[in-house]
Amino acid sequence: MSDIKGIIFNVQPFTVHDGPGIRTELFMKGCTLKCRWCSNPEGLSPKPEPGLYPDKCIGFSKCGVCEKSCVNGVAYSVYEDKLVAIDRAKCRGCLACAEACPSGGIKVWGKAYTPEEAFALVKKDKKYYDESGGGVTVSGGEALMQADFVAELFRLCRAEGIGTCLESALNVPVSELEKLLPLTDFWITDIKCMDSAIHKQNTGTGNERILENIRFLVSRGAKPVIRIPIIETFNATEENIRATGEFIKNELGGNILQLQLLPYRKLGLEKYSSLNLSYPMGDFKAPEREVWEEKLLRFRDILRGMGLPAEAGSGNAIK
Ligand code: SF4
Ligand code: SF4
């Protein structure tokens with residue numbers, strides 16, 4: 001039994017978009033980017049943390065055990081007798097409030113697993129992986145912030161003949177990629193924007209290390225799926241799409257499995273609210289379907305014209 005533990009914030013069985021076949025997807029907590037459109041804010045912090053769901057609160061005046069349990073002087077905000085916010089700056093993440101709450105008004109985002117415990121969750125659906133060519137996908141947050149845990153889990157999966165897929169933004173030291181290289185069947189990553197200054201404004205960091213790590217992966221024989229999230233006001237220009245295509249052709253020799261163009265979806269707002277975080281895209285309105293669909297298809301055709309295996313969406317079979 002290993003003494004490494006991984007912090008996971010979601011376990012999703014029967015996923016079909018992140019890797020081939022039917023998969024169990026594990027979402028690791030902690031991220032090295034802060035993408036403005038992120039729909040999983042509960043994956044940003046590396047530690048377990050409380051998330052508030054006022055609809056489930058049975059009434060602060062008659063209960064209030066959350067506040068009584070907190071020994072860290074955190075300010076609790078109440079509206080219409082429901083707990084609606086805690087002061088994140090003072091919260092130490094001890095989770096005493098969540099453990100004491102009788103009603104699910106405070107949920108814990110993130111739980112520690114040993115690789116063996118995570119493997120047991122994955123293994124129970126092995127017959128579906130065998131029938132469909134699926135397996136496990138580890139995503140995040142940034143899965144490679146917990147590379148030792150993921151490597152141990154993948155070793156266990158490989159020993160049982162379960163396929164492995166890693167989804168990572170690759171904004172990590174190359175040493176973390178190297179730990180997973182011999183254990184990963186499929187890699188999924190992003191090229192969000194080729195202009196590093198725009199990348200930094202929208203994700204908190206430039207793109208140099210990410211592009212360098214993609215070059216490294218391909219130089220070591222991996223053939224990744226690359227995704228471009230298409231987001232108005234960020235990267236949705238023909239100039240960026242062509243620059244991304246040139247990078248893949250000229251610097252990766254076109255050695256990718258698929259290039260997927262993904263639409264922006266305004267998701268996860270209730271999770272931002274549960275964490276007392278504001279949504280970075282504010283009231284930005286997602287384009288109507290006919291608008292983004294036309295754009296994705298136009299960009300796809302540009303990339304196909306460059307000889308690249310581009311697809312609109314993530315639902316196309318990866319072989
Ligand atoms: S997690 Fe701990 S420190 Fe944070 S509000 Fe709850 S009891 Fe207080
Ligand atoms: S412990 Fe739960 S139910 Fe009780 S006041 Fe706090 S959030 Fe509401």
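Worth saying up front: this structure is predicted, and the values here are computed from it rather than measured. (Residues numbered from 1 in each chain as written. Chains lettered and ligands numbered in written order. Predicted model: local features only at pLDDT ≥ 70, side-chain atom pairs only at ≥ 80, totals over all residues.)

Undergrad: Any chance you could explain the site of ligand 1 here in plain terms?
TA: If you check the shell around ligand 1, you find 13 residues, and the closest are Cys70, Asn72, Cys91, Cys94 and Cys97. A class-by-class count of the residues in the shell around ligand 1 yields nine nonpolar, three polar and one charged. (Near = placed C-beta within 6 Å. Nonpolar A, V, L, I, M, F, W, Y, C, P; charged D, E, K, R; others polar.)

Undergrad: Mind showing me how you'd approach the site of ligand 2 here?
TA: In the vicinity of ligand 2, 14 residues are found, and the nearest of them are Cys57, Cys63, Cys66, Cys101 and Gly105. The class makeup of the residues in the shell around ligand 2 is eleven nonpolar, three polar and no charged.

Undergrad: Looking at this structure, how should I read the sheet that holds strand S11 (residues 225–230)?
TA: Paired through backbone hydrogen bonds, the strands of a sheet run either parallel or antiparallel to each other. Pairing is mixed across the open sheet formed by nine strands, whose spatial order is S7-S1-S2-S8-S9-S10-S11-S12-S13. Of all strands in the sheet, those bounded by a partner on one side alone are strand S7 (111–113) and strand S13 (310–312). Recorded for the sheet is a direction-independent mean angle of 30 degrees between the axes of neighbouring strands. Taken together, the three bridges between strand S10 (residues 186–190) and S11 define a ladder with parallel strand orientation. Each bridged residue has a counterpart across the sheet, and for Thr189 the counterpart in S11 is Ile226. Where helix H11 (residues 289–305) meets the sheet, its contacts fall on S11, strand S12 (258–263) and S13, and the angle it forms with S13 comes to roughly 170 degrees. (Pairing = 2+ DSSP bridges. Helix = DSSP H or I, 4+ residues; strand = E, 2+ residues; numbered from the N terminus. Axes fitted to C-alpha atoms, helices over the stretch in contact; angles between N-to-C directions. Contact = placed C-beta atoms within 7 Å.)

Undergrad: Would you mind showing me how to read the domain arrangement of the chain here?
TA: Reports of interface size often rely on the accessible area that becomes lost once the parts have come together. Entries for the chain in the domain assignment read domain 1 (6–45 + 111–312) and domain 2 (49–109). Taking the mean C-alpha position of each, domain 1 and domain 2 sit 33 Å from one another. Listed by partner, the interface residues are eight residues for domain 1 and nine residues for domain 2. Its residues assigned to classes, the side of domain 1 that touches domain 2 shows two nonpolar, three polar and three charged. (Domains from an automatic or database assignment.)

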